[in-house]
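Close look at the chain arrangement
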Amino acid sequence: DVRGGHLAVGPEDQGNVQSISDGRGHNDALDYFNRNKGLDAFFTQIELSLSASKLRDRGIMSKSDPMAVVYVTKRDGTLEELGRTEVIMNNLDPAWIEKINAAYQFEIVQPLIFHVYDVDTKYHNLPVKMLKLKDQEFLGEASCVLSEIVTKSNRSLTLNLLNNNGHSGLKNLGTLTVHAEETVASRNAVEMTFRSSHLENKDVFSKSDPFLRISRIVESGGSVPVCKTEVVNNNLNPIWRPLCLTMQQFVSKDNPLVIECFDFNSSGNHVLIGKLQKSVADLEKLHKDKIGANFILPAHWGHEKVLKSQLFVDGFVEKKLYSFLDYISSGFELNFMVAVDFTASNGNPRSPDSLHYIDPSGRLNAYQQAIMEVGEVIQFYDSDRRFPAWGFGGRTYDSSVSHCFNLNGNASGFEVEGVEGIMAAYGSALRNVAPAGPTLFAQVINKAAEIAGHSLTYNSSKYFVLLIITDGVLNDLQESKDALVGASNLPLSILIVGVGGADFKQMEILDADNGHRLESSAGRVATRDIVQFVPMREVHGGQISIVQALLEELPGQFLAYMRGRDIKPHTVNIAQTSAQE
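Residues numbered from 1 in each chain as written. Predicted model: local features only at pLDDT ≥ 70, side-chain atom pairs only at ≥ 80, totals over all residues. Heavy atoms only, no water.

Attention now goes to the pattern of salt bridges. For the structure on display, the rule yields 18 salt bridges. Across the pair K202 and E200 runs a salt bridge whose closest N-O atoms are separated by 3.6 Å. Residue K202 is classed as partly exposed on the basis of its relative accessible area of 28%. The exposure class assigned to E200 is partly exposed, which follows from its relative accessible area of 32%. In this structure, the salt-bridge partner of E284 is K253, at a minimum N-O distance of 3.0 Å. Of this pair, E284 sits in helix α5 (residues 280–289) while K253 sits in the loop between α4 (247–250) and β13 (257–263), and the two are 31 residues apart along the sequence. With a relative accessible area of 16%, E284 lands in the buried category. (Salt bridge = Lys/Arg side-chain N within 4 Å of Asp/Glu carboxyl O. Buried < 20%, exposed > 50% of the residue type's maximum accessible area, 1.4 Å probe, protein only. Helix = DSSP H or I, 4+ residues; strand = E, 2+ residues; numbered from the N terminus.)

Below, the structure written as structure tokens:
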């Protein structure tokens, strides 16, 4: 990311990010890079195993010969077939062997539809993909959302089979059980702390700004970048923060890795200081023997120059890296909270040009849209579906201006039931709260932080997500920064949606995507980036939905928090995970 520079790898990264997030392409190198930052790939490959029980018997001479077909409903309502199981002969309680591959994406709701057919005997010699489904006897259908399966402790969900019209009718059509498993080869990882000495200076007016990039050599002879360190400014003897390499990245301990040391340049033209080739096993030996390895600089005509600059491995720890789904299926929850901007710059809610205007035709305004779209994704990860909801910048029931009031108007409780509860409370607040100002975030952030902090005293398996929807320029930027820095070591992420046409430069400062961590007025630096901001207008101009843009960083922020505190999934799931490896 060249905008912020110090994330380092080079200008070509930015395009790749987009190609994944809008679904046009898949880039392994970027997945590896993101995993290293605490982010898993933008999607996780899942295998679905299907079994059924007490299917209806349609056979005359023998029992039914069932096959299942799985579809995902796309955003435009059309069905995309994900795959088919094999046909099992004469069986009303089939456990199919053929697995169905699906790409689980946290940031979108993925409705699945399952159809079960009795396959006519005359087609038994045909490959299942060639079967015309209209020629087979329909035994029933079931539906669910993929996140409903992966949030279950055993990752299994049993559904009743229904007719095409959505009813089971008079007869019981049996049940279908779906089990989801991550297709992760191994959760093994190595955390290493690198240091260099006597690096060659490549800058004229100051010392080099070095960073390391590690690439894996692939069979074709090329190399795939898998991760990199941060940039250490103005230092020829840098010590970098610990770097985590997963088994997926290094493949085996004996696989050769290329380690390159560059001098960072904000233009993206980073200058090579030196490189070397070592496997993870070699790096472990360097650590044990407490010795360095010399960097090499390729010279003209294929010659290499051995440099006096060296690489040392000061720390080497083997660990297990659990995935987002390991936590979620073992009982960890995402608790959703929302805060809505009631400042006067939104316009009079009764006027059709107001951002808060409730259209009698039922068309959602930008605030309603953001609540609905984010809420319907996150609600599956919150078991009681009771959501704190606040407003800020409005003149409330007692005529005073408040920067954190209960959206439902209830003095004693700020929680509402479900996404529809937030929508109802929002509608009622528009009738009872007068627009005011200024736009202040700090109180709402501090309130969310208080709830997240309080949860730590009784439960470490909750992670909180605050959605702030705002139209405007912030009047308490420094206080908001202070609140965010204070909250950065809590189990909390903050999503900000900007609506309307205001200048959102300050929101981008809070987002800290430019590589500069937020700093409080007391000089304290945020322990991690917990803010994600999107302006609604930008998203609607392109293909990617507002929710995807907002939520795609959330699993990574969740993992960075859990891993940073060495919080592991609950034991029931660790046992299952280990057994699978």
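On we go from here.
This brings us to the sheet that holds strand β2 (residues 66–73). Across the sheet, which stays open at both edges, the four strands sit in the order β3-β2-β5-β6 with antiparallel pairing between neighbours. Edge positions in the sheet fall to β3 (79–84) and β6 (137–145), since each has one partner strand and no second. Each strand of the sheet is rotated relative to its neighbour by a mean of 25°, with strand direction disregarded. Bridge count between β2 and β3: five bridges; the pairing is antiparallel. (Pairing = 2+ DSSP bridges. Axes fitted to C-alpha atoms, helices over the stretch in contact; angles between N-to-C directions.)

This paragraph deals with the sheet that holds strand β20 (residues 401–402). Paired through backbone hydrogen bonds, the strands of a sheet run either parallel or antiparallel to each other. With antiparallel pairing, the three strands of this open sheet are ordered in space as β20-β19-β23. Lying at the two open borders of the sheet, with one neighbouring strand each, are β20 and β23 (434–435). The sheet contact formed by strand β19 (residues 394–395) and β23 spans two bridges and is antiparallel. Opposite R395, over in β23, you have A434 as the bridge partner.

Parts of the model with low pLDDT should not have their predicted coordinates read in detail. Mean pLDDT for the protein chain: 84, with 86% of residues reaching 70 or above. Taken element by element, the protein chain is modelled with least confidence in helix α1 (residues 13–21), mean pLDDT 26, and with most confidence in α5, mean pLDDT 97. Scored below 50 in pLDDT, residues 1–42 shows 92 contacts in the model against residues more than four places distant or in partner chains. For the stretch residues 572–581, pLDDT sits under 50, and the model shows 15 contacts to residues farther than four places along the chain or on other chains. (pLDDT = per-residue confidence, 0-100. Contact = heavy atoms within 4.5 Å.)

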